[in-house]
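Overview (structure and organization)
Each chain is listed here by its residues.
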Amino acid sequence: MSMVQAPLPATESGSTPASVAGGRSRRGFSLLTARPWLLLAPGLIILSVLMLWPLIQVFIFSLQDYGLREINTGENNWIGLQNYAEALTNPTLWTVVLPNTVGFAIVAVFATVAVGTLVALLLARLGSVWRVIVSSCIMVAWAMPAVTGTYVWTFIFDADRGIFNAVLKDLGLMDASVNWFTNQWSFYAIVLLNVVHHGFPFVAITVLAGLLGVSKEMLEAAALDGAGAWTRFWKIIFPTLKPVFSVVIILSTIWDFKVFAQVYLMPGGNGGNRSVLNLGVWSYVESFGQNRYGFGAALAVILTLVLIGITIVYIRSLMKEDEL
């Protein structure tokens, strides 16, 4: 007698077990894919409210002739891209502001990363107790507000009561006091000291964290093979810490491009000495000094675009090096 196999019972809505399993896997896959975005959603929403919306508002202001009258009346005076055209055709942008902004940022980033790396190498050679003590001391410079640090450096180089002038006169190197804030080069040299002093602790601690992960056996083997300290740094330490240096360079570039307090609070840096203007200070002076908020907003947008462009170019260059 032949046995007839009974068909498998149909599941709900006529689906087979295989299709149910496939549906469950697809639902599980979609949930797994969406889970990171769900976790990031609160932070993205907060960033959009706190950062993206103000940027949109600045761009909207930059398309208007926005001043005190518009603030009082609430009217919009749309002029399109005239603020950008005025900024890009202004000789001050190309002869003073951009050279000061770009040149200072390049020198400041190089000096900050170099000093921070040297301090990190020093900390890596210290014992645990002295490392904690020295790290705590240098972090004081980073914790100091930019305003406080700027006033300290202003006092040091003050023409009448400054320590720097007094030391030079006591050593017989000059007869009369010099106002170091009137010259463009000496002005930015003081700003450079201020920025490097405030920024190198972050670089030092970040690079130190990476140095502690470098293989000591590899460094000892290189030393036994006759490699000097310079060779060990460039052949072993630097390639290993390239991601760390990428982060500190990008962050330092962003910070040093938009330096404001360290320039504005120096004597003459608030617009009194036009030869020391940078993009950040020029935007502030035009906005709140001349009540041209639309033009100042256009300058702020230009500064933002420059920073985004530099960051994109640098990241793309790093990605190409990794592909090689």
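Fair warning: this is a prediction, and the values are worked out from it, not measured in the lab.

A separate point is the packing of helix α4 (residues 91-125) against helix α5 (residues 128-143). In contact at an axis separation of 9 Å, α4 and α5 are set at 155 degrees when each is read in the N-to-C sense. When the axes of α4 and α5 are compared, the pair comes out roughly antiparallel. Once α4 is placed against α5, the crossing between them reads as left-handed. Where α4 abuts α5, its residues V119, L123 and A124 lie against R131, V134, S135 and I138. The residue makeup of the contact of α4 with α5, split by class, is 5 nonpolar, 1 polar and 1 charged.

This part is about the packing of helix α10 (residues 229-240) against helix α11 (residues 242-257). When two helices pack together, their arrangement is given by the angle between the helix axes and by the axis-to-axis distance. Interhelical geometry of α10 versus α11 gives an angle of 65 degrees and a closest axis separation of 4 Å. On the basis of the axis angle, α10 is roughly perpendicular to α11. Residue-level inspection shows F233, F238, P239 and T240 of α10 in contact with α11, the latter providing K242, P243 and F245. Residues belonging to the contact of α10 with α11 are distributed by class as follows: 5 nonpolar, 1 polar and 1 charged.

Attention now goes to helix α8 (residues 184-211). A rise of 1.5 Å per residue sets the reference length of α8, with its 28 residues, at 40 Å; its end C-alpha atoms lie 38 Å apart and thus fit the reference within 8%. When the local axis directions of α8 are compared, the greatest deviation, roughly 35 degrees, occurs at G199, which is followed within four positions by the proline P201. Two to three positions downstream of the cap, the backbone nitrogen of W185 sits 2.9 Å from a side-chain oxygen, assigning the N-cap of α8 to N183.

A word on the pattern of salt bridges. What the rule picks out here adds up to 2 salt bridges. Where R292 meets E86, a salt bridge forms, and the shortest distance between an N and an O atom there is 2.8 Å. Pair noted here: R292 is in the loop between α13 (279-289) and α14 (293-323) and E86 is in helix α3 (residues 82-89), with a separation of 206 residues, a long-range link. Taking the relative accessible area as the measure of exposure, R292 reaches 30% and is therefore partly exposed. We classify E86 as partly exposed; its relative accessible area is 32%. A salt bridge links R292 to E286, with the shortest nitrogen-to-oxygen separation between them at 3.8 Å. E286 sits in the buried class, given a relative accessible area of 9%. The structure contains a network of salt bridges with shared partners spanning E86, E286 and R292.

Scanning all chains against the criterion turns up 21 aromatic pairs. Taking 5.5 Å as the distance between ring centres and 70 degrees as the angle between the ring planes, the aromatic pair formed by F164 and W180 counts as edge-to-face. Here F164 is found in helix α7 (residues 163-170), whereas its partner W180 is found in the loop between α7 and α8, with 16 residues between them in sequence. For F164, a relative accessible area of 31% puts it in the partly exposed group.

Turning to a nonpolar patch on the surface, a few remarks are in order. A surface patch of nonpolar side chains, amounting to about 960 Å² of accessible area, comprises W37, L40, L44, I45, I46, L47, V49, L50 and M51. Within the element layout of this structure, L44 appears in helix α1 (residues 17-62). What makes L44 partly exposed here is its relative accessible area of 41%.

What counts, and where the lines are drawn
Residues numbered from 1 in each chain as written. Predicted model: local features only at pLDDT ≥ 70, side-chain atom pairs only at ≥ 80, totals over all residues. Heavy atoms only, no water. Axes fitted to C-alpha atoms, helices over the stretch in contact; angles between N-to-C directions. Helix = DSSP H or I, 4+ residues; strand = E, 2+ residues; numbered from the N terminus. Parallel < 35°, antiparallel > 145°, perpendicular 65-115°, else oblique. Left-handed = near helix turned anticlockwise from the far one by under 90°. Contact = heavy atoms within 4.5 Å. Nonpolar A, V, L, I, M, F, W, Y, C, P; charged D, E, K, R; others polar. Expected span 1.5 Å × (residues − 1). Bend = angle between axes of the 7 residues up to and from the residue. Polar contact = N/O pair within 3.5 Å; in protein donor to acceptor, adjacent residues only side chain to side chain. Salt bridge = Lys/Arg side-chain N within 4 Å of Asp/Glu carboxyl O. Buried < 20%, exposed > 50% of the residue type's maximum accessible area, 1.4 Å probe, protein only. Phe/Tyr/Trp six-rings, centres within 6.5 Å; stacked < 30°, edge-to-face > 60°. Patch = residues over 30% accessible without salt bridge, like charges linked within 9 Å, V, L, I, M, F, W, Y side chains within 5 Å. Areas by Shrake-Rupley, 256 points an atom, 1.4 Å probe, with all protein chains shown as cover.

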